[in-house]
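Inside the fold
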Amino acid sequence: AFPSADPDSTPVIAAPAVTVSYYTWYRPWQITVIASGDLTSGWSTIPISNVTWTASPQPPFQNGVMSSTVAHMVASSDNRVFFPVTGTIFFSLVNSWTYDVGTYSVTITYTLSAV
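Residues numbered from 1 in each chain as written. Predicted model: local features only at pLDDT ≥ 70, side-chain atom pairs only at ≥ 80, totals over all residues. Heavy atoms only, no water.

Observations concerning the packing of aromatic side chains
One pass over the full model with this rule turns up 4 aromatic pairs. Note on W53 and F91: the rings are 6.5 Å apart at their centroids and 65° apart in plane angle, and the pair reads as edge-to-face. One end of the pair, W53, is in strand β6 (residues 51–56); the other, F91, is in strand β9 (residues 81–94), with 38 residues separating them in the sequence. The buried category is assigned to F91, whose relative accessible area is 9%. (Phe/Tyr/Trp six-rings, centres within 6.5 Å; stacked < 30°, edge-to-face > 60°. Helix = DSSP H or I, 4+ residues; strand = E, 2+ residues; numbered from the N terminus. Buried < 20%, exposed > 50% of the residue type's maximum accessible area, 1.4 Å probe, protein only.)

Topic: the side chain of S92
The topology assignment puts S92 in strand β9. Setting aside residues no more than four positions away along its own chain, S92 makes contact with F2, V12, I13, A14, N50, V51 and T52. (Contact = heavy atoms within 4.5 Å.)

Some points on the nonpolar core
Within the largest apolar cluster, 23 residues are counted, with the highest numbers of intra-cluster contacts made by W53 and M66. In this structure M66 touches V33, I34, A35, I48, S49, V51, W53, H72, F91 and I108, once residues within four positions along its chain are discounted. (Core = buried A, V, L, I, M, F, W, Y, C linked by side-chain atoms within 4.5 Å.)

Overview of the layout of surface pockets
Roughly 720 Å³ of volume is contained in the largest pocket. Lining the largest pocket we find 29 residues, and of these F2, P3, I46, L93 and Y104 sit closest to its centre. For the lining of the largest pocket, the class distribution of residues is 22 nonpolar, 6 polar and 1 charged. (1 Å grid on protein atoms, 1.4 Å probe; cavity = no way out; pocket = protein on both sides within 12 Å on 5 of 7 lines; lining within 4 Å. Points joined across faces, edges and corners; volume = space filled by probe spheres on them. Nonpolar A, V, L, I, M, F, W, Y, C, P; charged D, E, K, R; others polar.)

Here you go:
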């Protein structure tokens, strides 16, 4: 959830951190993320590409830009992970006066796969 903010004083809005826990016996592996579409509130939209993230620890996590057409890499490694490990993702939204007032939402899907 992104808080409301004045675009003149807050050109980029940060959301609370999201944690991702994972483990895998297979290697190499990767975690990808893709959005179901743009952020929407009724008929209003905000392009999903206005959402970026920074992640830690680096490696195996990496920073990126959300997309609804291409699954982007969030983390990857050639090492097995036998016990649950947690990464932290910090989402940011480019703020703009052009956005209509509303409560926007989108579904994002994380996928862990052996490659």
